[in-house]
Amino acid sequence: MSSLIDKYNIPGPRYTSYPTVPYWDESTFSPEKWKSSVIKSFNESNSAEGISIYIHLPFCEALCTFCACHKRITKQHSVEIPYLESVLKEWMLYLNLFNEKPKLKELHLGGGTPTFFSPENLKTLLQGIFDTVEIAEHPEFSFEGHPNNTTREHLQTLFDLGFRRASFGVQDYDPKVQKAINRIQPFENVKNVTEWAREIGYTSISHDLVYGLPHSNWESMALTIHKTMELKPDRLAYYSYAHVPWIKGVGQRGFDESDLPSGEEKRRLYEDGKKLLEELEYKEVGMDHFSLEDDELYKSMISGNIHRNFMGYSSSKTQLMIGLGMSSISDSWYAFAQNVKTVEEYQKIVETGEIPVVKGHILNEEDLSIRRHILNLMCQLETTFEDKNAIPELENAFDMLSEMERDELVEIHDNQIKITEKGRAFTRNVAMVFDLRMLRNKPETRIFSMTI
């Protein structure tokens, strides 16, 4: 395995979209084209499957130095109401595009720290949205909670509004690791929020673990997994730490790179962690995720309904996902759009009555075809090409895959590619073979985290 790590541990995307954000073609994008794509997607899909909404709540009271998300650090909670008012105004701008009431299938609160906001203010925000939509049958509402500031009142308020999934960021229980990433978080806090959520009635509780953090080793990771098992969450995200300190504002500078485990050490954290989780009755789902057999995420993988977008893996799929809030990314299937990245600019633009997108990408026919195949690989670990000669570069892709086949990472049967169990760890590498936009314009500087 170490020789494969040396061979395939290269910078690469995580493929929450295709094309990936650095390869968006802004020359063909405009806010008007974005709105037209939203209308088209809404008209095609709303009555059948409904839509998804992602709300970015960017505020945090302290900076976690492993975080690569767009956030605003402040202890001033007076920012809450003005920001939420802007989010509701942005939502009204989208509502003006629709010819019927949206059917809301999926809703996710991400951050930042959603539980930075008071329960009362979250209720005001969500009720403002719910008053304008029809709730779909079997909706999937979820939020990310910080164990240090999520209260029982937060959990009860969101449950009463229809939320049944909660995700808590754990990362690592080792005190040395927690100090390095500025995330001091006692096990007792995680235990409290997990048990409260169960008592209230949440049906799916997820814990996020991160391997490869500064000072991380197998002893600390094994401790973290065993402590997590005392609470037996329904789902686990087991993420590889993405070290991208060159990206402005991520804050990944609170430690020395020599404190990070090597590629081989990091791979062992994944392989041994995966083995331990499977021994503890968890099933691997897609890439970086595990769940118990009775959780909807695993069931959706078995049924072929699992989906992946900017919110991560989901057990339900909608064609249209509207991102609200500073830096949020939206997906109409035919186009992507990202909002401006500062709170002040976001609020200023919304006040003018304009949807605050700053950049985006209109997918052409080739993009749409490649997107489907990369999505299949990321969700089902396999895909089939009806005609691999339809795009000339695909012949080169299959030639590149032949080496992966020799390394037993994939199996190729005519036009079908299947990622093997051994190849799961290299899913990003397999997807990269089909990333025509990146292959045609390889980056001169490093823009992605390492794949291993």
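Just so you know, the residues in each chain are numbered from 1, in the order the chain's sequence is written. Reporting in this predicted model follows two pLDDT cut-offs: at least 70 for local features of residues, and 80 or more for side-chain atom pairs to be given and counted; totals over whole chains, interfaces and linings ignore these cut-offs and use all residues. Only hydrogens and water are removed before side-chain values are computed, so all heavy atoms of the structure are retained for them.

Let me state the cut-off plainly: UniProt positions are given in the numbering used here, feature names are shortened, and annotations may be inferred rather than shown by experiment.
Where an unreviewed UniProt entry is consulted, the protein chain appears under the name Coproporphyrinogen-III oxidase, with the organism given as Chryseobacterium zhengzhouense. Quoted verbatim from the Sequence similarities (unreviewed entry) field of UniProt, the annotation for the protein chain is "Belongs to the anaerobic coproporphyrinogen-III oxidase family." The Subunit (unreviewed entry) comment attached to the protein chain in UniProt states, word for word, "Monomer."

**Description of the packing of aromatic side chains**
Heads up, the condition is: Any Phe, Tyr or Trp ring, taking Trp's six-membered ring, that has another such ring centre within 6.5 Å forms a pair; planes under 30 degrees apart are called stacked, those over 60 apart edge-to-face, and the others tilted. Per the convention used, a helix needs a DSSP run of H or I reaching at least four residues, while a strand needs a run of E reaching at least two, with both numbered from the N terminus. Burial classification: accessible surface area is computed with a 1.4 Å probe over protein chains only, and a residue below 20% of its type maximum counts as buried, one above 50% as exposed, and the rest as partly exposed.
Summed over all chains, the structure comprises 23 aromatic pairs. Measuring from ring centre to ring centre gives 4.7 Å for Tyr 211 and Tyr 238, while their planes differ by 40°; the resulting arrangement is tilted. Of this pair, Tyr 211 sits in strand 7 (residues 204-211) while Tyr 238 sits in strand 8 (residues 235-240), placing them 27 residues apart in sequence. Judged by its relative accessible area of 0%, Tyr 238 is buried. Taking the centre distance of 5.7 Å and the plane angle of 90° together, the rings of Phe 310 and Phe 336 count as edge-to-face. Placement of Phe 310 in the loop between strand 11 (307-309) and strand 12 (312-314) and of Phe 336 in strand 15 (residues 335-339) is noted, with a sequence separation of 26 residues between them. According to the relative accessible area criterion, Phe 310 is partly exposed, its value standing at 22%. For Phe 336, a relative accessible area of 0% gives the class buried. Ring pairing ties together the aromatic residues Phe 130, Phe 141, Phe 143, Phe 159, Phe 163 and Tyr 202, which thus form one cluster.

**Things to note about the packing of helix 3 (residues 80-95) against helix 4 (residues 119-130)**
In plain terms, the rule: Fitted lines through C-alpha atoms give the axes, limited to the stretch in contact for helices. The angle between two N-to-C directions lies from 0 to 180 degrees. Oblique is the label for every angle not falling under 35 degrees (roughly parallel), over 145 degrees (roughly antiparallel), or within 65 to 115 degrees (roughly perpendicular). Contacts are assigned to residue pairs with any non-hydrogen atoms lying within 4.5 Å of each other. Three classes are used: nonpolar for Ala, Val, Leu, Ile, Met, Phe, Trp, Tyr, Cys and Pro, charged for Asp, Glu, Lys and Arg, and polar for all others, with Gly counted as polar.
Where helix 3 meets helix 4, the closest approach of the two axes is 10 Å, and the angle between their N-to-C directions is 10°. With respect to their mutual orientation, helix 3 and helix 4 come out roughly parallel. Listed contacts from helix 4 to Glu 80, Ile 81, Leu 84, Val 87, Leu 88 and Trp 91 of helix 3 are Asn 121, Thr 124, Leu 125, Gly 128 and Ile 129. The residue inventory of the contact of helix 3 with helix 4, partitioned by class, reads seven nonpolar, three polar and one charged.

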